[in-house]
Amino acid sequence: MKKIFLIGCILMIVILAACEPLQTPTEVISDATAGPIYVPATDLPAEVHIDYAQNFTLEYQDGYKILTVTQPWPGATQSYTYFLVPEGVQPPANPGSAQVISTPIDSIVTMSTTYFTFLEDIGQLDTIKAVDDATYVYNETIRSWADSGQIKVVGGGSSGNEVDLEALLELQPDLIMTSASGIADMDVHPRLLEAGLPVVINADYLETTPLGRAEWGKFIAAFYNEEARASQIFDEMAARYQALKTLTEGVQPKVTAFVNSDYQGTWYMPGKESYPAILLQDAGADYLWQDLEGSSALPLSTEVVFERARNADFWLNVGFATDLASLQAMDERYADFKAFQNGQVYNFNARASENGGLDYYESGVARPDVVLADLIEIFYPELQPDHALYYYQQLR
Amino acid sequence: MDDSTPLPARKTWPALLGLAGLLVLVFCASLLLGSARIPVVQILRILTGQPAANQNWTYIILNFRLVRSLTALLAGAALAWAGLQMQTLFRNPLADPFILGINSGASFGVALVVLGSGLAGASFLAGLGVLGDLSLAVAASLGAALALGIIMLVGRRVRSNTTLLILGLMFGYATSALVSLLIYFSAPERIQAYTLWSYGSFSGVTWSQMRVMLPVILLGLLVLLALPNVLNVLLLGEDYAKTMGLNANRARVFILLSASLLAGTVTAFCGPIGFLGVAVPHLARNLLHTADHKVLIPAVGLMGAIAAVLADIFAQLPGAQFVLPINVVTSLFGAPFVLWIILRQRKGGTTFSV
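**Q** So what about the domain arrangement of chain A? Which residues, and what values?
**A** Residue and element names in this part refer to chain A. Here the domain parsing of chain A yields domain 1 (2-238) and domain 2 (248-394). Taken together, the contacts link 20 residues of domain 1 with 22 residues of domain 2. The set of elements that each furnish at least two residues to the side of domain 1 that touches domain 2 consists of helix H2 (116-121) and helix H6 (210-214). Its residues assigned to classes, the side of domain 1 that touches domain 2 shows nine nonpolar, eight polar and three charged.

Here is the structure:
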């Protein structure tokens, strides 16, 4: 397949080179002092910066875009590079191991629910032709399209189901976007690439900061040449996030909070650099496991959690529970937390689909400002007079 | 060493007393050692009913460590007893307490609750949505009881133990296929919850669950205590048992009842705990040089309890905040130990078939 791909690339270069005299508007104007190089004839957007995301870079060069995913999966030793070549722009002469994708794309297959809101934001939700699984999707549009057969369900990606290669080959999407685990037998992208399908790895979940994760909207938008629009939406959202964060600065006394729940004596507690821990800190709470290094959750002994958190003010993200009674039914000892007795237990399942798909995992990724506003409303309701909880609900 | 001859009674009692003493020691150690750092003096104050310096410590000792240690003790003994009965019934040293599908039944119950509740819309599970409200222990108990019912029903009708064994294996395959099907259609977070259950743990049991677990295990033990002679005869083979006037079918039903109650209860409350049920009977036979169930029943119970409590101490990684899954500790550290014991003591001779 690689050979065919290479031959294709060389052919394209030859053809484009032959056509060059006719296509003066696409001629590249380089200006060494200005740094990046633009192609004025195409309607390429202005250069977009990546400010928070650590795991991908976006560069502009000779009229095309270079997207690099630094760490495609946890512990990956090599990065993945994609050349995004707008229509009418000369593709890079030597892409090496990088994939070349012509933009804008018209059709996409998504293998994670986190992409929906980003696509909706730039008005491209209807370019989705297939999803990995629709059972746990919250987005109503996607669900109705899946029900009516307008979009196909093809497995793979985060669904963990067998990928329907034949359906994808028939569909011939411009792009398949998926996450990867790095375990060759579990990942779909090697098989899709082998079948000649264009696959891009999106590693948004490895981003530990809420703003960093939300910035992956620009990554997705770049394939539609809409990153300027995505950037504007992101910047406004980030500004709201920062304003909310400032709101809680210097708040005294700080409330104490902890997250998750026990499982048979093991309590997975996220480290201080993890997504939930950063949100708690930005909301002005004193996260009780500030001494836990790293961004992953560690299996703590439940007795240690009780020792430290028994008198904590707030308990959040308690798993599947929707009311206090069902929480207590899981383990009667839960009722001895002060937060439980005071009714200060909150869960992010206020917006759930019939099958239990949570909007927090979908639009919450693109709207960390709303998540933060929820948390501040929980911890310090006096700071935001007119915010009503959106993703979170109080367990009663 | 004079292999194969039962220990004279005067040597058996000191051995059993020694094991009992060791169990007391290990049990105390498990109360003292844990993830939370609580001074020994404070623990002694708490256990003797005096107020401790920190209210949380009292809570942790009484509601976490005490109930966890007791769970480990009971579970270890119960699994070892169930394993002993299965090994004798099938005259197979590889038989474990779950060979007839008790585990698969419990797993299926848990899988239905953990994985099935997200599938309320799926047609083949419609109506099972109510199960989603059950606690895991109740679900596992129902699953184990279902398996127990099938075993008892079949056990009364089938004449040969081999047929029973094959039926048990088939039941296991069928239920694990159903579990796989549920996993295949479930959300990742729910799959994780199920996986964590399958790791096994003594820490999930609360005092109100203990009120169910303890009586059922005692009931299983009570049945077992009526069986040592029957088990001794069975060890010589079913044909021999018949010539001895033993009603093999009735004996089998009682053995199945006792073993299923013991193993089913443990799986219901602690998850599938492997290794102990297979290994402890071997250890007991090798250390005591006997196949007499009058000696083996108390010895296996004590050793099972000691092994489980010890494993739990290791799993809690005293001093560290973290915990390990119990199955990791029992199998990873237990397997080489048992191998060493058996290779060291067994020089060609076997105490299994008397």
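**Q** Requested: an account of the environment of Thr103 of chain A, with residues and values cited.
**A** Residue and element names in this part refer to chain A. You can see Thr103 is positioned in strand E4 (residues 99-103). Between the C-alpha atoms of Thr103 and Thr178, which are 75 residues apart in sequence, the distance is 18 Å. When sequence neighbours within four positions are dropped, the list of residues in contact with Thr103 reads Leu84, Val85, Pro86, Phe223, Tyr224 and Asn225.

**Q** Let's hear about the interface of chain A and chain B: which residues, and what values?
**A** Residue-level contacts link 28 residues of chain A with 29 residues of chain B. When residues in the side of chain A that touches chain B are grouped by element, the largest group, five residues, is from helix H10 (residues 302-309) of chain A. The class makeup of the residues in the side of chain A that touches chain B is nine nonpolar, eleven polar and eight charged.

**Q** Would you mind going over helix H3 (residues 55-89) of chain B in detail, with residue names and values included?
**A** All names here are of chain B. Its 35 residues place the ends of H3 50 Å apart at the C-alpha level, agreeing with the 51 Å of an ideal helix rising 1.5 Å per residue. Taking the largest bend as the criterion, H3 deviates by roughly 35°, centred on Ile61. Judged by how many residues are buried, H3 sits mostly within the fold: 29 of 35 residues are covered. After H3 finishes, the residue Arg91 shows a positive phi value of roughly 45°.

**Q** Run through unusual backbone geometry, naming residues and quoting values.
**A** Residues and elements named next belong to chain A. Residue Thr103 is joined to Pro104 through a cis peptide bond whose omega torsion reads -5°. A cis amide bond links Gln252 with the next residue in sequence, Pro253, at an omega value of -5°. Mapped onto the fold, Pro253 is located in the loop between helix H8 (227-247) and strand E10 (256-259). The phi dihedral of Asn225 falls on the positive side, at around 55°, and the residue is not glycine. The topology assignment puts Asn225 in the loop between helix H7 (216-222) and H8. Given 20 C-beta atoms within 10 Å, Asn225 falls into the buried group. A positive phi is found at Asn317, a non-glycine position, where the angle reads about 55°. Mapped onto the secondary structure, Asn317 falls in the loop between strand E15 (314-316) and helix H11 (324-330).

Thresholds, definitions, all that
In every chain, residue numbers begin from 1 and rise along the written sequence. Written order decides the labels, with chains lettered from A and ligands numbered from 1. The predicted nature of this model means local features are confined to residues of pLDDT at least 70 and side-chain atom pairs, given and counted, to a pLDDT of 80 or more, with totals for whole chains, interfaces and linings taken over all residues. Bear in mind that the domain bounds are from an automatic or database domain assignment. Any two residues are considered in contact once their C-beta atoms, placed from the backbone, lie within 7 Å. Secondary structure counts use DSSP, requiring at least four H or I residues in a row for a helix and at least two E residues in a row for a strand, with both numbered from the N terminus. Gly falls in the polar group here, along with every residue not listed as nonpolar (Ala, Val, Leu, Ile, Met, Phe, Trp, Tyr, Cys, Pro) or charged (Asp, Glu, Lys, Arg). Here a helix's expected span is defined as the number of its residues, less one, multiplied by 1.5 Å. Each residue is assigned a bend, namely the angle between axes fitted to the seven residues that terminate at it and the seven residues that start at it. Labels follow a simple rule on C-beta atoms placed from the backbone: if 20 or more others lie within 10 Å of a residue's own, it is buried; if 12 or fewer, it is exposed; otherwise it is partly exposed.

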